Amino acid sequence: MTNAINWFEIPVTNYERAKQFYSSVLGSEITDHHMPEQNTKYGVFTHKEDKNGTGGAIIEAEGQIPSKEGSTIYLNGGDNLSEPLNRVETAGGKILMPKTDIGQDGFIAQFIDTEGNRVALHSME
């Protein structure tokens with residue numbers, strides 16, 4: 001096993017709003033992969049498709065309920081997580097934990113997205 005996680009899904013209640021939020025914060029495209037037969041709106045984050053990395057998506061579907069409780073997903077904060085973190089509130093989110101130094105493992109920060117999910121960022125700077 002290369003990675004403990006190979007895919008994640010972030011539940012959303014308003015697909016277009018969430019897509020705009022994550023595209024703005026991360027500065028990357030989310031590609032639509034809707035499943036109309038299941039009444040599911042699905043958007044995939046940019047990732048390597050070589051099956052050795054981690055990928056993920058936002059999902060609007062029955063039973064998908066955003067939450068600030070439970071597991072925390074750490075998204076790639078790029079070269080310096082200050083850049084995406086500075087876009088969180090402008091995009092409609094709320095910062096919970098500012099950029100925090102975690103020693104040799106880099107930096108982390110946490111926020112609430114437009115859907116009510118607690119999500120985090122990680123980078124080495």
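Residues numbered from 1 in each chain as written. Predicted model: local features only at pLDDT ≥ 70, side-chain atom pairs only at ≥ 80, totals over all residues. Heavy atoms only, no water.

Student: Would you explain the nonpolar core in this entry?
Tutor: Buried together is how nonpolar side chains tend to be arranged in soluble globular proteins. If you look at the biggest cluster of nonpolar residues, it comprises 19 residues, and the most contacted ones within it are Tyr22, Phe45, Ile58 and Phe111. The leading source of residues in this core is helix α1 (residues 15-26), at 5 residues. Not counting residues up to four positions away in its chain, the partners in contact with isoleucine 58 are Ile10, Val12, Tyr15, Ala18, Lys19, Tyr22, Ile30, Lys41, Tyr42, Gly43 and Phe45. (Core = buried A, V, L, I, M, F, W, Y, C linked by side-chain atoms within 4.5 Å. Buried < 20%, exposed > 50% of the residue type's maximum accessible area, 1.4 Å probe, protein only. Helix = DSSP H or I, 4+ residues; strand = E, 2+ residues; numbered from the N terminus. Contact = heavy atoms within 4.5 Å.)

Student: Looking at this structure, I do not really get the environment of glycine 92. What am I missing?
Tutor: By the element assignment, glycine 92 lies in the loop between α2 (82-88) and β6 (94-101). Of the residues examined, glycine 92 reaches a relative accessible area of 48% and is grouped as partly exposed. Considering only alpha carbons, one finds glycine 92 and aspartate 113, 21 residues apart in sequence, at a separation of 7.2 Å. Leave out the neighbours within four places in its chain, and glycine 92 touches Phe21 and Thr114.

Student: Just checking my understanding: could you explain the sheet that holds strand β2 (residues 30-32) for this structure?
Tutor: Each strand in a sheet pairs with its neighbour through backbone hydrogen bonds, running either in the same direction (parallel) or in the opposite one (antiparallel). The strand order across the open sheet formed by 4 strands is β1-β4-β3-β2, and the pairing between neighbours is mixed. Looking at the sheet topology across the chains shown, the edges are occupied by β1 (7-11) and β2. For this sheet, the mean inter-axis angle between neighbouring strands, taken without regard to orientation, is 30 degrees. Bridge analysis of strand β3 (residues 41-45) against strand β4 (residues 55-60) gives 4 bridges, and the strand direction is antiparallel. Across the sheet, lysine 41 pairs through a bridge with glutamate 60, a residue of β4. In the packing of α1 onto the sheet, contacts are made with β1, β2, β3 and β4, and the angle to β2 comes to roughly 150 degrees. (Pairing = 2+ DSSP bridges. Axes fitted to C-alpha atoms, helices over the stretch in contact; angles between N-to-C directions.)

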